[in-house]
Amino acid sequence: MSGNQRERILEATYAVVARAGMAKATMDDVAHQAGVARATLYRAFPGGRDDLLDAAVTWEVARFFDRIAAEIGPGPEQAPLGVAELLERGLVAARRALAHHQLLQDLLRHEADRLVPSLATTMPLVAAAMRDWLRPRLERADLRAGVDPEQAAELLARTLLSLIGTPGRWDLEDPEQVRALVRRHLLAGVVTDTG
Amino acid sequence: MAPFAATDRYRSTAADTTEARVIDATLRCIARWGVAKTTGDDVAREAGVSRATLYRAFPGGRRALVEAMLRHELGRFVDSISVDLDAATSLEDALVTGMVGAGRFLRDHDALQYLLRHEPERVLPAFAFHRLDRVLAAATALCAPHLARFTSPEAAAIGADWAARLVLSYSLHPSPVLDLADEASVRRVVGTYLAPGLTG
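This report concerns the structure included in the present document.

Thresholds applied
Residues numbered from 1 in each chain as written. Chains lettered and ligands numbered in written order. Predicted model: local features only at pLDDT ≥ 70, side-chain atom pairs only at ≥ 80, totals over all residues. Heavy atoms only, no water. Helix = DSSP H or I, 4+ residues; strand = E, 2+ residues; numbered from the N terminus. Buried < 20%, exposed > 50% of the residue type's maximum accessible area, 1.4 Å probe, protein only. Contact = heavy atoms within 4.5 Å. Buried area = accessible area lost by both parts, 1.4 Å probe. Salt bridge = Lys/Arg side-chain N within 4 Å of Asp/Glu carboxyl O. Polar contact = N/O pair within 3.5 Å; in protein donor to acceptor, adjacent residues only side chain to side chain. Core = buried A, V, L, I, M, F, W, Y, C linked by side-chain atoms within 4.5 Å.

## Thoughts on the overall build of chain B
Move 1: Within chain B, the regular secondary structure consists of 12 helices and 0 strands.
Move 2: Sequence-ordered secondary structure for chain B, helices as α and strands as β, is α-α-α-α-α-α-α-α-α-α-α-α.
Move 3: Its C-alpha atoms give chain B principal-axis dimensions of about 55 × 35 × 30 Å.
Move 4: Across the 200 residues of chain B, 53% fall into the buried class.

Pasting the structure below:
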């Protein structure tokens, strides 16, 4: 099956879930929405509905973070941003986008028991992608002695994801707090000059 | 500074033996059969109380029982590490003790492990998004006073929060970067990545 077709199916799944929720989304609905035969759908997702829903969650979370990455830049004409600046922008943008993600908020309110386990399977994949995005940027920074960029990237990615989902004590809409969080705490052990 | 005052608040169920018996009985049932197959009758029988007594102990129903269980288990966790925490001679020691202890507590928690394996939809939502807020706040309230011996109260709270997040992440999704079962691994991560950011 082509990448385009898979993309179309996942897009269709998202649309069906947005309309009907997770519990009521059927393979038939998705096949119809995507304009493919049921057999095609089942060939692509042999694990059936659960497999498809998990894949759709992963797909949307990946898109979510792609949007964040694009938003925080820098643009192609601009100088690269320092690690601290990137993390600050990322936290603020991601938290705002999460709060405004209508479907996520609806599903958390009404179908958390279906969504959260799906997200739990997705999160390690997202953490790995975020780690791989962070690592080269850490390698370009002045790292403290004993810091391994791969390890630091993984620890940061997991901590950032936790903060985005549950800011807790941190007000991620307050630039001062975000700055302190990133420079005085998260990166203090990683880079030599948090600026 | 009274390191155990906060613990008492969360261990209020210890003063009421019926509540504590019901909580322990519920956890034993869940460890055996999970949540779906555990009935009020099972819990009452296991606790050695009548259904009426059970409902009087938790008039708020299941929700109230779950809240009480979480508080009770957090209190039990802090009790389990408090002697070692008191013996800590540095912030890093205290963090390592807390994180290794927490990792072990979660690994050895039969009810939790049963649910993670067989009924993740019953337990994961309690540790996600806004519901994780309360868990973090409770863990911080219990652990920060122990860390505050070595740094400012603010840094202690930040440290407890940060450590709790990492413990949860690495308990649910293990990786060799932070092996909670290996004190040397935890010490390396705490010393390199956490401690420098917690100097108060």
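Once the structure has been displayed, the description carries forward.
## Let's talk about the interface of chain B and chain A
Move 1: Across the contact, 28 residues belong to chain B and 34 residues belong to chain A.
Move 2: Buried area between chain B and chain A, both sides added, is near 2,700 Å², and the carbon and sulfur share of it is 64%.
Move 3: At the junction of chain B with chain A, the criterion picks out 0 salt bridges.
Move 4: Along the contact surface separating chain B from chain A lie 11 residue pairs in polar contact (both at pLDDT 80 or more).
Move 5: Those elements giving two or more residues to the side of chain B that touches chain A turn out to be α9 (120-123), α10 (129-147), α11 (153-172) and α12 (183-194) of chain B.
Move 6: Among the elements that make up the side of chain B that touches chain A, the one with the highest residue count is α11 of chain B (9 residues).

## Some details on the nonpolar core
Move 1: In this structure, L91 and L187 of chain A together with M99 of chain B are the most contacted members of the largest nonpolar core, which totals 135 residues.
Move 2: Counting residues per element, this core draws most heavily on helix α4 (residues 48-72) of chain A, at 11 residues.
Move 3: Those residues in contact with M99 of chain B, other than ones at most four positions away along the chain, are A163, L166, V167, L178, L180, V186, V190 and L194 of chain B.

## What to know about the environment of T39 of chain B
Residue and element names in this part refer to chain B.
Move 1: Mapped onto the elements of the fold, T39 is located in the loop between α3 (17-33) and α4 (40-47).
Move 2: A residue is classified by how much of its surface remains accessible, and T39, at 39% relative accessible area, is partly exposed.
Move 3: Spatially, the C-alpha atom of T39 lies 9.3 Å from that of T26, the residues being 13 residues apart in sequence.

## Structural notes on the pattern of salt bridges
Move 1: The tally for this structure, following the rule as stated, stands at 23 salt bridges over all chains.
Move 2: E150 of chain A is the partner of R131 of chain A in a salt bridge, and the nearest nitrogen-oxygen pair spans 3.6 Å. Taken together, the residues R131 of chain A in helix α7 (residues 112-139) and E150 of chain A in helix α8 (residues 149-165) connect sequence positions 19 residues apart.
Move 3: Residues E46 of chain B and R32 of chain B are paired through a salt bridge, measuring 2.7 Å at the closest nitrogen-oxygen approach. Separated by 14 residues along the polypeptide, E46 of chain B in helix α4 and R32 of chain B in helix α3 bring together distant segments of the chain.
Move 4: Assessed through its relative accessible area of 28%, E46 of chain B is described here as partly exposed.
Move 5: If you follow the salt bridges from partner to partner, you end up with R131, D132, R135, E139 and E150 of chain A in one network.

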